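Structure at a glance
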Amino acid sequence: MSVIDRVLQDALALGDEGRWADMADRLLQALEQHPEDPYLLCWLGVAERELGNDGVAYEYFRQCLAQEPLDPHLLALAGSGLAAFDDPEAESALRTAALTGPDVPEARLQYGAYLAREGLFDEALEQLRAALALAPDDPTVHGELGTALALQGRLEEAAAEMETALELAPDDSWTRVLLGLIYAELGTLEPAAEELLRAAEQREDDAEAQIVAALAAAAVGWNDAAEAALARATYAAEGSDIAMMEEAEERIAAGAEAARELLLDTIGPSVLRERLAQPL
């Protein structure tokens, strides 16, 4: 095993434990001796992204691709990192990953997810269904397929895929918010409220999740749950979330129908659209 392979083995083990800062430190130490290694650069980008250092992660992904790697898995990871910043170089990296690694689920997944958010739904679904055939038990594949279907307006099919994703990964609170909002769009408000409230309890610092959960709960008459979600939103809200929270409070105080109208006509579709645009 080479030095780089040993470093990557150690670093990925740290990542599997959620020790992203330690993973980044281990990779940085190795990068001092091997500054142009694309594997170190790419996985350092992954670690920094998990730490919330998106700008730093982007630079590492860009440096990785500058080394012109051929590994489709590496191209998919780095390409998806660029895609998050709307970098035009992302398309080339992701397309090359899918073409050179047709049997690599990550390559098909990331290219399909990118195409879906670009509005190229037929091509996106082809890639995502290929990823699903390769990795049928991967919750992210089901979630991204559900996202593509939702972006296309096929909400019932989207809900089914996200339900499967959550069966495979019950703690995925981000996908649970999406599913709850899709249920709301479909007019099934009690299931929507159930999913949104469960997600909100897991996402205490996510003000938007608290607000939509409060509106859904109020819309079906679960007033205690609505008040609890609003209370959590008070601590989490900042910036534009504060105005959204205040409007939600007014509508909830006005009654179930007012809360329902705000959720279904304004806030729900807006939050769903914004969140579908973000990678899982």
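Attention here is on the structure that accompanies the text. (Residues numbered from 1 in each chain as written. Predicted model: local features only at pLDDT ≥ 70, side-chain atom pairs only at ≥ 80, totals over all residues. Heavy atoms only, no water.)

**With respect to unusual backbone geometry**
The phi dihedral of E68 falls on the positive side, at around 55°, and the residue is not glycine. Topologically, E68 is positioned in the loop between α4 (54-66) and α5 (72-83). Overall, E68 belongs to the exposed group, its relative accessible area being 66%. Of note in the backbone geometry, D86 takes a positive phi value of approximately 55° without being a glycine. (Helix = DSSP H or I, 4+ residues; strand = E, 2+ residues; numbered from the N terminus. Buried < 20%, exposed > 50% of the residue type's maximum accessible area, 1.4 Å probe, protein only.)

**As for a negative patch on the surface**
A cluster of acidic residues, D224, E227, E246, E247, E249 and E250, forms a negative patch at the surface. Of all elements in the fold, only α14 (223-236) and α15 (240-254) reach the threshold of two or more residues within the negative patch. Counting residues per element, the negative patch draws most heavily on α15, which supplies 4 residues. Tracing the backbone shows E250 in helix α15. Judged by its relative accessible area of 57%, E250 falls in the exposed class. (Patch = residues over 30% accessible without salt bridge, like charges linked within 9 Å, V, L, I, M, F, W, Y side chains within 5 Å. Areas by Shrake-Rupley, 256 points an atom, 1.4 Å probe, with all protein chains shown as cover. Salt bridge = Lys/Arg side-chain N within 4 Å of Asp/Glu carboxyl O. Lys, Arg positive; Asp, Glu negative; His and termini not counted. Charge placed at Lys NZ, Arg CZ, Asp CG, Glu CD.)

**Thoughts on the packing of aromatic side chains**
This structure, assessed with the given rule, holds 1 aromatic pair. Measuring from ring centre to ring centre gives 4.9 Å for Y58 and F85, while their planes differ by 40°; the resulting arrangement is tilted. Highlighted residues: Y58 in helix α4 and F85 in the loop between α5 and α6 (89-100), separated in sequence by 27 residues. Here Y58 falls in the buried class, since its relative accessible area comes to 18%. Its relative accessible area of 40% is what places F85 among the partly exposed residues. (Phe/Tyr/Trp six-rings, centres within 6.5 Å; stacked < 30°, edge-to-face > 60°.)

**A short note on the side chain of D206**
Tracing the sequence through the fold places D206 in the loop between α12 (189-202) and α13 (207-219). Judged by relative accessible area, D206 falls into the buried class, the value being 11%. Within the local environment of D206, its side chain forms a polar contact with the side chain of R203, the two groups lying 2.8 Å apart. (Polar contact = N/O pair within 3.5 Å; in protein donor to acceptor, adjacent residues only side chain to side chain.)

**With respect to the nonpolar core**
In terms of nonpolar packing, the biggest core is built from 99 residues, with L27, L40, I182, I211, L215, L263 and I267 touching the most fellow members. With sequence-adjacent residues up to four places away left out, I211 is seen in contact with A233, D241, M244, M245, A248 and I267. (Core = buried A, V, L, I, M, F, W, Y, C linked by side-chain atoms within 4.5 Å. Contact = heavy atoms within 4.5 Å.)

**Brief notes about the environment of A131**
Within the secondary structure, A131 sits in helix α8 (residues 121-134). In contact with A131, other than residues within four places in its own chain, are P105, R108, L109 and V141.

**A few points about the pattern of salt bridges**
Within the structure shown, the criterion is met by 12 salt bridges. A salt bridge links R26 to D10; the shortest N-O distance between them is 3.6 Å. You can see R26 sitting in helix α2 (residues 20-33) and its partner D10 sitting in helix α1 (residues 3-16), a full 16 residues away along the chain. Judged by relative accessible area, R26 falls into the partly exposed class, the value being 25%. Note on D10: relative accessible area 35%, which makes it partly exposed. The closest approach of N and O atoms between R154 and E157, which form a salt bridge, is 2.9 Å. By relative accessible area, R154 is classed as partly exposed at 28%. A single network of salt bridges, built from pairs that share partners, joins R203, D206, E208 and R275.

**Let's talk about α2**
The end-to-end C-alpha distance of α2, which contains 14 residues, comes to 21 Å, matching closely the 20 Å that a straight helix rising 1.5 Å per residue would cover. Every buried residue of α2 is accounted for by M23, A24, L27, A30 and L31. Within α2, the buried residues cover an arc of 130° as seen down the axis, which keeps them to one side. With respect to the buried face of α2, the exposed residues turned more than 90 degrees away are Q29, E32 and Q33. On its buried face, α2 is in contact with α1, α3 (38-50) and α4. (Expected span 1.5 Å × (residues − 1). Arc of directions from axis to C-beta.)

**Here we look at the state of the cysteines**
The full count for this structure, using the stated rule, is 0 disulfides. Unpaired in this structure, C42 has its nearest cysteine sulfur neighbour in C64, at a distance of 4.5 Å. Taking relative accessible area as the criterion, C64 reaches 0% and is therefore assigned buried. (Disulfide = S-S within 2.5 Å.)

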